[in-house]
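# Commentary on secondary and tertiary structure
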Amino acid sequence: MKEFDVLTIFPELIECYLIHGVIGKALNKGLAEVKIHNLRDFTSDKHKKVDDSPYGGGAGMVMQIESFYNVINYIKSDGQPRKVVLLSPQGRVFSQKVAQEFYNENQELVLVCGRYEGIDERIKNIIDEEISIGDYIISGGELAALVIIDSIVRLIPGALGDESSAKEDSFMRGFLDYPQYTRPEEFNGMRVPNVLLSGDHKKIALWRKKEALRNTLQKRPDLLKNLSNEEMQILKELCSEINRNILGVHDESVYN
Ligand SMILES: C[S@@+](CC[C@H](N)C(=O)[O-])C[C@H]1O[C@@H](n2cnc3c(N)ncnc32)[C@H](O)[C@@H]1O
């Protein structure tokens, strides 16, 4: 079972996400557990205040270290191995690879959510790593913690209805997912590609591989590394197809 601890001043933000969908089901099945700790329960301030104005002046409030220190000590008191991750725009950027890395590590993940202008810098002495979910600023670490929990729980065998769907997701194989279609066959003149209605599973698999590579070539060419011989061959075909299209030569026979 994968275990997470979330340290936050807004427990309800985490709770409401965790009861729905894939994550809700995985938690119900006991595949993962998320313990939410309200930082206000770990302060000695009689008004449960966990922030104060910054030394040196300036805008906004800064979260004090005390409640973080107390809750991390409390969590660690059972001696189990844990990785303490501070959600911060200044950290290592999260990706599918980092999700896999955290999943593989056999230890509980403690996710520390900041708010306001951030947390007293001395927090760095009691965390193991800073993780960012991208080069932008959001108002608190809760969304970032949920992104991390969600992406890791999806990797747990049994968390998804169909195991193969995770394997085919974008980034799992080093490139983006293929285009998906569902009913109706035609909508406002837009048709589902014929090959998907053919019932020919070999042709469909080839089409999906090719379209996944096309997607990646068009949207994220930087991901196209370490391709197999078959993938390289498909990529070459795609490039000549694109060249032919640029020159205005259309080959309708490719999948018919
Ligand atoms: C408004 S932000 C503070 C940003 C801080 N002043 C800075 O520029 O580094 C408040 C909290 O949101 C979270 N946060 C904001 N952006 C994030 C990001 N890109 N990734 C992870 N956490 C983020 C962090 O926990 C942060 O302490």
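This text follows the structure it describes.
This text gives an overview of the structure that appears in the document.

This paragraph deals with the pattern of salt bridges. Per the counting criterion, the structure on display carries 21 salt bridges. A salt bridge links glutamate 129 to lysine 83; the nearest nitrogen and oxygen atoms lie 3.7 Å apart. Remark: lysine 83 occurs in strand β5 (residues 82–93) and glutamate 129 occurs in strand β7 (residues 129–132); sequence separation between them is 46 residues. Assigned by exposure class, glutamate 129 and lysine 83 land together as buried. Residues glutamate 241 and lysine 210 are paired through a salt bridge, measuring 2.9 Å at the closest nitrogen-oxygen approach.

So, on to the sheet that holds β5. Consider a sheet: its strands pair through backbone hydrogen bonds, and that pairing is either parallel or antiparallel. Spatially, five strands are ordered β2-β1-β6-β5-β7 in an open sheet, and the strand pairing comes out parallel. If you trace the sheet from one side to the other, it starts and ends with β2 (32–38) and β7, each paired once. Sheet twist, expressed as the mean angle between neighbouring strand axes with direction ignored, is 30 degrees.

Looking now at the nonpolar core. Core analysis: the biggest nonpolar cluster contains 29 residues, and Phe4, Phe102, Leu111, Ile148 and Val153 have the highest contact counts within it. Those elements that provide at least two residues to this core are β1 (2–8), α1 (11–18), α2 (21–28), β2, β5, α4 (96–104), β6 (108–112) and α5 (141–153). Looking at this core element by element, the count peaks at seven residues for α5. Once residues lying within four places of it in the same chain are set aside, the contact partners of valine 153 are Phe4, Ile23, Ala26, Ala32 and Ala159. Counting 18 residues, the second largest nonpolar core, distinct from the first, contains Phe68, Val84, Leu86 and Ile126.

Quick look at the pairing of β6 now. Burial of β6 is extensive: five of the five residues sit out of reach of the surface. Across the two faces of β6 the burial is the same, with Glu108, Val110 and Val112 and Leu109 and Leu111 all buried. Direction of pairing for β5 relative to β6: parallel, over a ladder of five bridges. When the sheet's bridge partners are listed, valine 85 is paired in β6 with leucine 111. On the question of chirality, the crossover connecting β5 to the parallel β6 by way of α4 is right-handed.

The next point concerns unusual backbone geometry. A cis amide bond links arginine 183 with the next residue in sequence, proline 184, at an omega value of 5 degrees. Position of proline 184 among the secondary structure elements: in the loop between α6 (163–168) and β8 (186–187). A positive phi angle, near 80 degrees, is found at phenylalanine 171, a position not held by glycine. Along the chain, the position of phenylalanine 171 falls in the loop between α6 and β8. Using a relative accessible area of 40% as the deciding quantity, one classes phenylalanine 171 as partly exposed. Even without glycine at this site, asparagine 226 takes up a positive phi of about 50 degrees. Note on placement: asparagine 226 falls in the loop between α7 (201–219) and α8 (229–246).

Calculation rules
Residues numbered from 1 in each chain as written. Predicted model: local features only at pLDDT ≥ 70, side-chain atom pairs only at ≥ 80, totals over all residues. Heavy atoms only, no water. Salt bridge = Lys/Arg side-chain N within 4 Å of Asp/Glu carboxyl O. Helix = DSSP H or I, 4+ residues; strand = E, 2+ residues; numbered from the N terminus. Buried < 20%, exposed > 50% of the residue type's maximum accessible area, 1.4 Å probe, protein only. Pairing = 2+ DSSP bridges. Axes fitted to C-alpha atoms, helices over the stretch in contact; angles between N-to-C directions. Core = buried A, V, L, I, M, F, W, Y, C linked by side-chain atoms within 4.5 Å. Contact = heavy atoms within 4.5 Å. Right-handed = clockwise from strand over helix to strand, strands pointing away.

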